[in-house]
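The primary structure of each chain is shown beneath.
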Amino acid sequence: MKYFNLILLLTLAAFTVAGQEYPDNSLGNLKKQSRNANSFLLTTTNGNAQVTVMTPEIIRIRISKAAFAEDFSYSVVGKAQACKVQVTDSKVQMVITTDSLQLTITKAPVRFTLSNSKGEILNMDDPSFGTNWVGEEVTTYKKLFPDEKFIGLGEKTGNLNRRGEGYMNWNSDTPGYTVNQDPIYASFPFYIGIHGNVSYGIFMDNSHRSNFNFGASNDRFSSFSADAGAMDYYLINGNSISRIIENYSWLTGRMPMPPIWGLGFQQSRWSYFPESEVLNLAKSFRSKKMPLDVLYLDIHYMDAYKIFTWHPERFTQPKAMIDQLKGMGMHTAVIVDPGIKVEKGYAAYEDGLNKDIFLKYPDGSKYTAQVWPGWCNFPDFTMPAARKWWGDNFKSNVDNGLEGFWNDMNEVASWGGGKTSSIVRFNWEGKGASYRQGKNLYGMLMARSSYEGTKSLMNRRPLILTRAAFSGAQRYTAIWTGDNVASEEHMMLGCRLVNSLGITGMPFCGTDIGGFMTDDATASLFCRWLSIGSFSPFFRVHKHYDFKSSEPWSYGPFVEGYARNYITLRYKLLPYTYSAFYNAHATGLPINSSLVINNTFDEKCWYTAYQQQYMFGPSLLIAPVESTKELTKVYLPEGTWYDFFSGKKYDGKQEIMVECPIDKLPVFAKGGSFIPMQTAVQYSLQKASDTLYVHFYNGSEGSTYLYYEDDGVSLENESGKFMTRTFSFNGKKEIIIGKAEGSFSSKFSKICLVLHGFGEISKMTVNGKTESCKEQTIDILTALSDNDPLYTWARKYPETVKMLNIGNAGSEIKISW
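Residues numbered from 1 in each chain as written. Predicted model: local features only at pLDDT ≥ 70, side-chain atom pairs only at ≥ 80, totals over all residues. Heavy atoms only, no water.

Observations regarding the overall build of the chain
In step 1: Regarding its fold elements, the chain presents twelve helices and 54 strands.
In step 2: At 27 Å, the chain has a C-alpha radius of gyration in line with the 28 Å of a compact globule built from 817 residues.
In step 3: Expressed as lengths along the three principal axes of its C-alpha atoms, the size of the chain is roughly 85 × 70 × 50 Å.
In step 4: Looking at the chain as a whole, 63% of its 817 residues are labelled buried.
In step 5: Of the contacts made within the chain by residues no fewer than 6 positions apart, 70% connect residues no fewer than 24 positions apart.
In step 6: Put simply, the chain shows about 29,000 Å² of open surface, and 49% of that area lies on carbon and sulfur atoms. (Helix = DSSP H or I, 4+ residues; strand = E, 2+ residues; numbered from the N terminus. Rg over C-alpha atoms; globule rule 2.2 N^0.38 Å. Buried < 20%, exposed > 50% of the residue type's maximum accessible area, 1.4 Å probe, protein only. Contact = heavy atoms within 4.5 Å. Areas by Shrake-Rupley, 256 points an atom, 1.4 Å probe, with all protein chains shown as cover.)

Shown next as structure tokens:
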């Protein structure tokens, strides 16, 4: 470390001499410093810096040319924690040390270097530039390491590894976006850098238009900049990518537990109407034994596209219709747009005017733009009164029985390309802000208003979905990736987008299955996309009105059969998937996890050929593949793996060729892992059988799995009414099912272990007593029996397993062999 400091100081001294002919627009040299607890204020020749130790693994750096404005953030909810901090100070540098990291601050000029507890450099300022200003624009330049890779930024197109690319954060309405277009709908200014054998995270908390450069058009530095405002960023350590994500989500918040029916299959179209068509569609799903939880109503349900209204002819009795859908086990969601039509006598408009909650120009007049209803005003969601007004206006919808609220057009979108003037003013909690600062937050704050309002009115969990978002939106909403295209390339891009959103703390996400626009999906494309979607957090089909219907049976009888298989499998996997959502809620970790999260230094996981692959929950590896292929190459990381459908065993750390006919997506279960499943149901709240089938895949690597249950709909989980149970494998010949913890009683009265890869073993010991295993042939994928009148021929994927019935007492159960 001392040699590094000497080199850094020599470099800085050389720059000071050689650069005298150029103005120094960086922080400059330290003039004075002070300390208040674990916060350090630095006054420099060109500005101010504040360094705050948030936790032993997170340090905040805040930089401004002038005095700091009031400290406020819509994104950050984590507060600085008391922790042990040591400071070493000399004439040339100050070193701040915690148990986990070390921040070295040189004084002439002021530059920052982050190291881990071993002294390994994680991240460092470019010695010449550091944080620099060009007019209002502020940029922080970081040294670019030769082997450095970058992941993150959420909803960004392109490759998994962002190296060599640049990206802008400016939420934009981009229908039919290309596979490399940037920006699109949402902004998450958080990324993770990896070099050598170390990794770090950086979150920039500035909502102005920003740019991130990961070595685009240069080989010297990476950088991040904002058009205006302070440079406010967090350096995040954690010794692994997963720990960095946990730390970032501690900082910006974690998702609430969703309603369990939000994990089920969801069907949408622009648009289903009138109400008779909606009811007939629902009946078709049930008669075809096609599981479904949510039906969406797009803009045509409204009277002249006016929010908080119903079309008087298309939907004459909305409550009666919604009640009938509930009787079939279905939940209804509607689209909500922020534009409030300027129309005398329209209740929402008149009330909004009276309460003065709309965005304004500096002269106090209302900002007006055209969207679906015509000329509209827009609620200012940075105003507490406007957020409450918006939430309260859902009362009639909630009284009618609506439970899902799909927030759209919130970039803010308007006709004319969304070219809103920067002079539009936001309230910003009474402090005032320009459109430049507020635009990127508009979608998140609209979703927040919808979530807080409907949750209060319903007194149970709503389903909130948004198109536009910013860091912190995960506290309120799920997100989908906007108006995508029916193409093979977009299907594969969608996998990368969902994986990247998970990296940036947004676990509940998905795409429009089959593609929303530009073309009709082919039967094979829809089938493959739906199979991938069945292993994603948000599982919805949605289609543009200019193209043919996209219900699962609309592509012919064979696709109907294949779709039924995968949708039904989704419901069999609900105990596993719901537990994965609990893990995301508790830790902030993704549900769909890029392979590089847990295999960071396995170079093959970074190959573009495998960048779409991901783990769905902790136990299932998904290898997305184009519908045009029947044979594909898959990379299996270290460990033991089993074909999820046939049970064929593979060694890991190798590339394999596998068949991928249109009815069989390559899916692999990890050796040593647990996958709890239930019997098939038609909707998530329908009672399955009384047996929880816990699939265990034999292996040599130990594991621990946390199983979770609650009632799936109420808010009682927030006060502790839920159950957790740990399943563990010691890597040898013992499984322990831990004692059930919590006040919620399991809905399963029995447990059956389904044992994969156990060969000739016929007996096991359960709590000291010898029990026999029953050999049985199963087919995980096929939904219907051959003699069902709805059965459509499909390939079978039988596997012979061992079954061990062990009961479901709440006490600890030990199984050995």
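Text resumes after the structure shown.
A few points about the packing of helix α6 (residues 384-392) against helix α8 (residues 435-458)
In step 1: Put simply, α6 and α8 touch, their axes get as near as 8 Å, and they point 55° apart. The angle between α6 and α8 falls in the class oblique. Pair α6 / α8 crosses with right-handed handedness. Residues Arg387, Trp390, Gly391 and Asp392 of α6 lie in contact with α8, whose contacting residues are Leu445, Met446, Arg448, Ser449, Ser450, Gly453 and Leu457.
In step 2: Counted by class, the contact of α6 with α8 contains four nonpolar, four polar and three charged residues. (Axes fitted to C-alpha atoms, helices over the stretch in contact; angles between N-to-C directions. Parallel < 35°, antiparallel > 145°, perpendicular 65-115°, else oblique. Left-handed = near helix turned anticlockwise from the far one by under 90°. Nonpolar A, V, L, I, M, F, W, Y, C, P; charged D, E, K, R; others polar.)

Some words on the sheet that holds strand β8 (residues 110-116)
In step 1: With antiparallel pairing, the five strands of this open sheet are ordered in space as β5-β6-β7-β8-β9. At either margin of the open sheet sits one strand with a lone partner, and together these are β5 (86-89) and β9 (121-124). In this sheet, adjacent strand axes meet at a mean angle of 15° when their direction is disregarded. (Pairing = 2+ DSSP bridges.)

Quick word on the pairing of strand β13 (residues 166-169)
In step 1: Side chains of β13 alternate between two faces, with Tyr167 and Asn169 buried and Gly166 and Met168 left unburied.
In step 2: Both β13 and strand β17 (residues 210-213) contribute to a ladder of four bridges, which runs antiparallel. In the strand pairing of β17, Met168 is matched with Asn211.

Quick word on the side chain of Thr477
In step 1: Along the chain, Thr477 turns up in the loop between β30 (469-470) and β31 (478-480).
In step 2: When its relative accessible area of 8% is taken as the criterion, Thr477 is described as buried.
In step 3: At a separation of 3.4 Å, a polar atom in the side chain of Thr477 contacts the main-chain amide nitrogen of Thr466. (Polar contact = N/O pair within 3.5 Å; in protein donor to acceptor, adjacent residues only side chain to side chain.)

Details of the side chain of Glu275
In step 1: One can find Glu275 in helix α3 (residues 275-287).
In step 2: Buried charge without a partner: Glu275 forms no salt bridge, and the closest opposite charge is Arg314, 11 Å away.
In step 3: A distance of 2.7 Å separates the side chain of Glu275 from the side chain of Thr316, its partner in a polar contact.
In step 4: Once residues within four sequence positions are removed from consideration, Glu275 is found in contact with Arg314, Phe315, Thr316, Gln317, Pro318 and Met321. (Lys, Arg positive; Asp, Glu negative; His and termini not counted. Salt bridge = Lys/Arg side-chain N within 4 Å of Asp/Glu carboxyl O.)

Concerning the sheet that holds strand β44 (residues 691-697)
In step 1: Ordered in space as β43-β44-β49-β53-β52, the five strands form an open sheet in which the pairing is mixed. Strands with a single pairing partner mark the edges of an open sheet, and in this sheet they are β43 (674-677) and β52 (774-778). Within this sheet the neighbouring strands show an average axis-to-axis angle of 30°, counted without direction.
In step 2: Here β43 runs beside β44; their pairing, made up of four bridges, is antiparallel. Considered in β44, the bridge of Phe674 is made with Phe696.
In step 3: Along the sheet, helix α12 (residues 574-587) contacts β43 and β44; its crossing angle with β43, the most-contacted strand, is approximately 120°.

Remarks on unusual backbone geometry
In step 1: Put simply, Ala108 and Pro109 share a cis peptide bond, and its omega is 0°.
In step 2: You can see Pro109 is positioned in the loop between β7 (101-107) and β8.
In step 3: The linkage connecting Glu411 with the following residue, Val412, adopts the cis geometry, with an omega of 15°.
In step 4: Assignment of secondary structure puts Val412 in the loop between β26 (404-407) and β27 (425-426).
In step 5: Phi at Leu153 takes a positive value of approximately 70°, unusual for a residue other than glycine.

Some thoughts on helix α10 (residues 523-533)
Given 3.6 residues to a turn, an α-helix orients residues that are three or four positions apart in the same direction.
In step 1: Across the eleven residues that make up α10, a large majority, nine, are buried.
In step 2: Looking at α10, one finds that the buried residues are Leu525, Phe526, Cys527, Arg528, Trp529, Leu530, Ser531, Ile532 and Gly533.
In step 3: On the buried face of α10, the contacting elements are α9 (488-503), β33 (512-513), β34 (540-541), α11 (557-572) and β36 (614-616).

Digging into the nonpolar core
In step 1: Counting residues in each nonpolar core, the largest one holds 178 residues, and the members touching the most others are Phe535, Leu620 and Phe644.
In step 2: Top contributing element to this core by residue count: α8, with nine residues.
In step 3: Non-local contacts of Phe535, meaning those with residues more than four positions away in its chain, are made with Tyr566, Leu569, Arg570, Leu573, Asn592, Tyr614, Phe616, Leu620, Ile622, Phe645, Leu665 and Val667.
In step 4: In this structure, Leu122, Ile202, Ala226 and Leu235 belong to the second largest nonpolar core, which totals 38 residues. (Core = buried A, V, L, I, M, F, W, Y, C linked by side-chain atoms within 4.5 Å.)

Without other data, these values stay purely geometric and don't point to any function.
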